[in-house]
Amino acid sequence: MADFVEKSAKTVQQAINDALDALGVTEDEAVIEVLDEGESGGILGIGRKPARVRVSHAEVEADDSNDMLPASDYADDDSDYSEDMNADVSDDEQADESEAEPVYYGDDEYNDEPESQAESAAMDYVTDILRGIGIHGRISSYHQDGNLHIDVSGHDCGAAIGRHGETLDAIQYLTSLVANKHSEEHLRVVVDIGGYRRRREQTLINIAERAASKVNRSGKQYRLDPMNPAERRIIHSALQGFEGITTFSEGVDPDRYVVVAPAERD
Amino acid sequence: MKELLSTIVRPLVSDPDSISINQIDQGYTVVLELKVAPEDMGKVIGKQGRRAQAIRSIMKARAALTGKRVIVDIVG
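First, a word on scope: everything that follows refers to the structure included in this document. (Residues numbered from 1 in each chain as written. Chains lettered and ligands numbered in written order. Predicted model: local features only at pLDDT ≥ 70, side-chain atom pairs only at ≥ 80, totals over all residues. Heavy atoms only, no water.)

**Describing the overall build of chain B**
Threshold: Runs of H or I in DSSP of at least four residues are treated as helices and runs of E of at least two as strands, each being numbered from the N terminus. Only protein chains enter the accessibility calculation, which uses a 1.4 Å probe; a residue whose area is less than 20% of its type maximum is buried, one above 50% is exposed, and one in between is partly exposed. We call two residues in contact whenever any of their non-hydrogen atoms come within 4.5 Å of each other. Each accessible area is a Shrake-Rupley result for a 1.4 Å probe, and residues are judged covered by the shown protein chains and nothing else.
Across its full length, chain B holds three helices and three strands. Ordered by position from N to C terminus, the α and β elements of chain B give α-β-β-α-α-β. Residue burial in chain B is summarised as follows: out of 76 residues, 47% are buried. Here the contacts in chain B between residues at least 6 apart in sequence split such that 57% fall between residues at least 24 apart. As displayed, chain B has an accessible area near 3,700 Å², and 48% of this comes from carbon and sulfur atoms.

Now the structure itself:
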């Protein structure tokens with residue numbers, strides 16, 4: 001199901017219509033992902049940004065009149081969805097970013113760990129939610145720097161990521177609440193689906209570096225788009241060692257943004 | 001829809017047996033009325049509605065895949 005079309009247009013609706021036409025499907029048969037809502041710009045259209053959408057064939061029948069039980073959804077392809085609640089990916093495995101199969105270890109090591117209850121509760125929770133949304137995938141977890149990471153890989157994960165990672169952030173937030181019910185110390189939980197966070201981090205670093213060289217050239221400060229705290233942190237740390245550049249945040253969440261500015265010289 | 005909402009909410013509350021969800025289908029729109037024990041209201045709404053927002057965001061993902069619109073009402 002790699003069949004999708006991305007379209008840009010003045011408005012989201014226009015972009016959706018274009019994409020539906022290109023794909024030859026109706027709105028009912030399609031999964032529509034708004035990548036960028038665009039901006040209409042000022043009176044003269046200054047600062048206008050086109051809206052971008054991605055449209056693909058819906059996998060699920062639009063008929064949802066009877067409630068879908070996750071079990072029946074998955075009854076015929078259990079093999080597609082493997083999970084190992086006590087799976088652990090060793091630290092050096094992390095350096096390897098290739099698409100190699102995650103390494104699963106036996107469950108003998110982690111059962112006795114104090115955090116394992118939090119870990120298995122978190123794994124169960126993410127698994128149940130993804131199954132409920134209708135996502136196929138492979139789930140694994142590991143501890144790194146005291147954080148609990150839960151990685152989901154699979155095709156067609158877009159729905160579980162959402163626009164700007166909104167759905168993924170929601171899953172991560174609630175999973176963190178559930179995990180911390182079983183943990184005495186605060187446990188930071190990072191959920192990644194389809195490598196979204198990793199890719200997004202690289203995108204943010206690129207944005208940061210581009211902004212920094214723009215500031216270096218113009219000598220003027222440059223304001224980035226609003227970002228959530230985790231994303232702002234990535235920007236700040238990406239530019240920390242940058243010569244002649246300083247960064248700070250302004251505004252109030254959810255519209256808080258990073259400003260890249262020339263460093264004061266003394 | 002109902003099952004997913006229940007899946008999301010159950011581990012968040014202290015009294016899962018008191019969860020009730022009423023589903024109203026209005027064409028493309030599915031309204032889910034979520035009721036929890038009074039002492040669990042805060043656990044599904046959260047500070048400044050953050051938990052409620054997260055729950056709605058996940059429900060929206062499911063709805064988008066089925067070509068529907070979903071509204072989650074938390075009723076006291």
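That was the structure; now back to the text.
**So, the sheet that holds strand β5 (residues 147-153) of chain A**
All names here are of chain A. Which entries qualify depends on this criterion: Should DSSP find at least two bridges between two strands, the strands are regarded as paired. Axes here refer to lines fitted to C-alpha atoms; in helices the fit is confined to the stretch in contact. Angles between the N-to-C directions go from 0 to 180 degrees.
What the three strands build is an open sheet, ordered β4-β5-β6; its pairing is mixed. The outermost strands of the open sheet, each flanked by one partner alone, are β4 (138-144) and β6 (189-193). Neighbour to neighbour, the strand axes of the sheet diverge by 15° on average, direction disregarded. Relative to the sheet, helix α7 (residues 196-218) contacts β5 and β6, its axis offset from that of β6 by approximately 90°.

**Describing the interface of chain A and chain B**
This is how the line gets drawn: In what follows, salt bridge is the name for a side-chain nitrogen of Lys or Arg lying within 4 Å of a carboxyl oxygen of Asp or Glu. Contacts described as polar in this section are N or O atom pairs within 3.5 Å, which, within protein, must combine one atom able to donate a hydrogen with one able to accept it, while residues neighboring in sequence count only if both atoms come from side chains. Only Asp, Glu, Lys and Arg are considered charged in this grouping, and only Ala, Val, Leu, Ile, Met, Phe, Trp, Tyr, Cys and Pro are considered nonpolar; every other residue, Gly among them, is considered polar.
In this complex, chain A contributes 26 residues to the contact, which on the side of chain B involves 23 residues. On the surface where chain A and chain B come into contact, there are one salt bridge. In this structure, the salt-bridge partner of K60 of chain B is E166 of chain A, at a minimum N-O distance of 3.5 Å. Linking chain A to chain B there are four residue pairs in polar contact (both at pLDDT 80 or more). In terms of residues, the side of chain A that touches chain B owes the most to one element, helix α6 (residues 166-181) of chain A, which gives nine residues. Looking at the side of chain A that touches chain B residue by residue, the classes come out as 17 nonpolar, three polar and six charged.

**Brief notes about the sheet that holds strand β1 (residues 4-9) of chain A**
Residues and elements named next belong to chain A. Spatially, three strands are ordered β1-β3-β2 in an open sheet, and the strand pairing comes out antiparallel. Each end of this open sheet is capped by a strand with a single partner; those strands are β1 and β2 (30-36). Neighbouring strand axes in the sheet, compared pairwise and without regard to direction, differ in orientation by 20° on average. For β1 and strand β3 (residues 51-57), the ladder comprises six bridges, and the chain directions are antiparallel. For V5, the partnering residue across the bridge sits in β3 and is V55.

**Points about the packing of α6 of chain A against helix α3 (residues 50-65) of chain B**
The condition that has to hold: Small angles under 35 degrees read as roughly parallel and large ones over 145 as roughly antiparallel, with 65 to 115 read as roughly perpendicular and the rest as oblique. Here a crossing is taken to be left-handed if its near helix is turned anticlockwise relative to the far helix by less than a right angle, and right-handed if that turn runs clockwise.
One can describe the packing of α6 of chain A onto α3 of chain B by two numbers: an axis separation of 8 Å at closest approach and a directional angle of 130°. As judged from the angle between their axes, α6 of chain A and α3 of chain B are oblique. For the pair α6 of chain A and α3 of chain B, the sense of crossing is left-handed. Counting all contacts with α6 of chain A, which are made through E166, T167, A170, I171, Y173, L174 and L177 of chain A, the residues of α3 of chain B involved are R50, R51, A54, I55, S57, I58, K60 and A61 of chain B. The residue inventory of the contact of α6 of chain A with α3 of chain B, partitioned by class, reads nine nonpolar, two polar and four charged.

**Quick notes on the pattern of salt bridges**
Opposite charge on two side chains makes pairing possible when the charged atoms of those side chains draw close. All names here are of chain B. For the structure shown, the criterion picks out five salt bridges over all chains. The salt bridge partner of K43 is D40, with a shortest N-O separation of 3.7 Å. On the basis of relative accessibility, which here comes to 31%, the residue K43 falls in the partly exposed class. For D40, a relative accessible area of 0% corresponds to the buried category.

**Brief notes about unusual backbone geometry**
The peptide bond linking D253 of chain A to P254 of chain A adopts the cis configuration, its omega dihedral lying at 5°. Tracing the backbone through its elements, the reader meets P254 of chain A in the loop between β8 (245-250) and β9 (257-262). Positioned with a positive phi, Q48 of chain B is a non-glycine residue whose angle comes to about 55°. Tracing the backbone shows Q48 of chain B in the loop between α2 (41-45) and α3. Residue class for Q48 of chain B comes out exposed when judged on its relative accessible area of 84%.

Read these as geometric descriptors, not functional statements.
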